[in-house]
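# Summary of the model geometry
Each chain, letter by letter, is given below.
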Amino acid sequence: MANLTLKGVPAPLVAELKKLAAMHRRSLNGEVIFRLEQSLPRDAADGRRLVREADKLRRKIGVRTTVESILSARDQERR
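A short tour of the structure in this document, coming up. Position numbers for residues start from 1 in each chain and track the written sequence from start to end. Only residues with pLDDT of 70 or above have their local features reported here, since the model is predicted, and side-chain atom pairs are shown and tallied only from 80 upward, although totals for entire chains, interfaces and linings are computed over all residues. Water and hydrogen atoms play no part in the side-chain values, which are based on all heavy atoms of the structure.

## Overview of the overall build of the chain
For clarity, the cut-off: Numbering goes from the N terminus for both helices and strands, where a helix is a DSSP run of H or I of at least four residues and a strand is a run of E of at least two. Based on C-alpha atoms, the radius of gyration is set beside the globule rule, defined as 2.2 Å times the residue count to the power 0.38. Exposure categories follow from relative accessible area, calculated using a 1.4 Å probe and restricted to protein chains: below 20% of the type maximum is buried, above 50% is exposed, and the middle band is partly exposed. A 1.4 Å probe and the Shrake-Rupley method give the accessible areas. Residues count as covered only by the protein chains that appear here. Residues scored as positive are Lys and Arg, those scored as negative are Asp and Glu, and His as well as the terminal groups of each chain are ignored. Note on charges: their place is set at NZ of Lys, CZ of Arg, CG of Asp or CD of Glu.
Within the chain, the regular secondary structure consists of 4 helices and 0 strands. Its helices and strands in sequence order give the chain the pattern α-α-α-α, from N to C terminus. The globule rule puts the C-alpha radius of gyration for 79 residues at 12 Å, and the 18 Å found for the chain is more than 25% above it. Along the longest, intermediate and shortest principal axes, the C-alpha atoms of the chain span 50 × 35 × 20 Å. Counting all 79 residues of the chain, 5% fall into the buried class. Carbon and sulfur atoms form 57% of the exposed surface of the chain, whose accessible area is close to 7,500 Å². Positive and negative side-chain charges of the chain, numbering 18 and 10 respectively, have mean locations separated by a distance of 3 Å.

## Some points on the pattern of salt bridges
Condition: Salt-bridge detection follows one rule: a side-chain nitrogen of Lys or Arg within 4 Å of a carboxyl oxygen of Asp or Glu.
In this structure the tally under the stated criterion is 6 salt bridges. One salt bridge connects K19 with E16, and the closest N-O pair in it is separated by 3.3 Å. Of this pair, K19 and E16 both sit in helix α1 (residues 11-23), 3 residues apart, which is roughly one turn of the helix. Assessed through its relative accessible area of 35%, E16 is described here as partly exposed. What emerges from the salt-bridge pattern is a single network uniting R26, E31 and R35.

## Some details on unusual backbone geometry
Phi angles above zero are rare outside glycine, and R25 is one such case at about 55°. Along the polypeptide, R25 turns up in the loop between α1 and α2 (28-39).

## Description of the side chain of E31
Here is the rule: What makes two residues a contact is simply this: any of their non-hydrogen atoms within 4.5 Å.
Mapped onto the elements, E31 comes out in helix α2. Each residue touching E31, except ones within four places of it in the same chain, is listed here: L17, L20, A21, H24 and R26.

## Looking at a positive patch on the surface
Worth spelling out the cut-off: By definition, no residue in a patch forms a salt bridge, and every one has over 30% relative accessible area; like charges are joined within 9 Å, nonpolar side chains (Val, Leu, Ile, Met, Phe, Trp, Tyr) within 5 Å.
Taken together, the side chains of R48, R52, K56 and R59 define a basic patch exposed on the protein surface. Tracing the backbone through its elements, the reader meets R59 in helix α3 (residues 44-61). Given the relative accessible area of 62%, R59 is considered exposed.

Right, dumping it as C-alpha coordinates:
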(Lines give C-alpha, C1' and ligand atoms only; values in the text may rest on other atoms or scores of the structure.)
Protein backbone atom coordinates (compact mmCIF):
# COMPACT_ATOMS: atom_id res chain seq x y z
CA MET A 1 0.00 0.00 0.00
CA ALA A 2 1.06 3.54 -0.67
CA ASN A 3 1.42 6.31 1.87
CA LEU A 4 -0.10 9.76 1.56
CA THR A 5 0.73 12.84 3.58
CA LEU A 6 -1.70 15.73 3.77
CA LYS A 7 -0.52 19.20 4.69
CA GLY A 8 -2.52 22.22 5.69
CA VAL A 9 -5.64 20.35 6.79
CA PRO A 10 -7.81 22.80 8.74
CA ALA A 11 -8.00 21.99 12.46
CA PRO A 12 -11.84 21.94 12.51
CA LEU A 13 -11.83 19.35 9.73
CA VAL A 14 -9.36 17.16 11.62
CA ALA A 15 -11.47 17.49 14.78
CA GLU A 16 -14.62 16.47 12.90
CA LEU A 17 -12.85 13.50 11.28
CA LYS A 18 -11.56 12.37 14.68
CA LYS A 19 -15.07 12.60 16.13
CA LEU A 20 -16.51 10.58 13.23
CA ALA A 21 -13.70 8.02 13.48
CA ALA A 22 -14.44 7.47 17.16
CA MET A 23 -18.17 7.22 16.47
CA HIS A 24 -17.54 4.56 13.80
CA ARG A 25 -14.85 2.82 15.86
CA ARG A 26 -12.20 3.46 13.24
CA SER A 27 -8.80 5.04 13.39
CA LEU A 28 -8.45 8.52 11.93
CA ASN A 29 -6.58 6.94 9.02
CA GLY A 30 -9.36 4.39 8.53
CA GLU A 31 -12.02 7.10 8.56
CA VAL A 32 -10.18 9.16 5.95
CA ILE A 33 -9.66 6.12 3.70
CA PHE A 34 -13.34 5.15 4.05
CA ARG A 35 -14.50 8.66 3.14
CA LEU A 36 -12.12 8.90 0.18
CA GLU A 37 -13.34 5.54 -1.14
CA GLN A 38 -16.95 6.66 -0.79
CA SER A 39 -16.28 9.88 -2.69
CA LEU A 40 -14.83 8.23 -5.79
CA PRO A 41 -16.96 6.81 -8.59
CA ARG A 42 -17.37 3.07 -8.50
CA ASP A 43 -16.42 0.85 -11.37
CA ALA A 44 -19.50 -0.43 -13.24
CA ALA A 45 -18.25 -3.99 -12.68
CA ASP A 46 -18.35 -3.36 -8.92
CA GLY A 47 -21.96 -2.24 -9.21
CA ARG A 48 -22.93 -5.32 -11.17
CA ARG A 49 -21.16 -7.53 -8.64
CA LEU A 50 -23.02 -5.87 -5.77
CA VAL A 51 -26.35 -6.38 -7.53
CA ARG A 52 -25.56 -10.07 -8.08
CA GLU A 53 -24.61 -10.48 -4.41
CA ALA A 54 -27.78 -8.69 -3.28
CA ASP A 55 -29.92 -10.90 -5.55
CA LYS A 56 -28.25 -14.02 -4.19
CA LEU A 57 -28.85 -12.88 -0.61
CA ARG A 58 -32.51 -12.03 -1.30
CA ARG A 59 -33.06 -15.50 -2.77
CA LYS A 60 -31.28 -17.12 0.17
CA ILE A 61 -33.37 -15.39 2.84
CA GLY A 62 -36.58 -15.39 0.78
CA VAL A 63 -37.09 -11.64 0.60
CA ARG A 64 -38.90 -10.29 -2.42
CA THR A 65 -38.31 -6.65 -3.18
CA THR A 66 -39.04 -4.39 -6.08
CA VAL A 67 -37.65 -1.04 -7.00
CA GLU A 68 -41.03 0.43 -6.11
CA SER A 69 -41.01 -1.11 -2.62
CA ILE A 70 -37.48 0.13 -1.97
CA LEU A 71 -38.31 3.66 -3.13
CA SER A 72 -41.51 3.65 -1.08
CA ALA A 73 -39.62 2.58 2.06
CA ARG A 74 -37.01 5.26 1.41
CA ASP A 75 -39.65 7.93 0.95
CA GLN A 76 -41.53 6.89 4.10
CA GLU A 77 -38.28 7.15 6.08
CA ARG A 78 -37.81 10.74 4.87
CA ARG A 79 -41.17 11.87 6.27
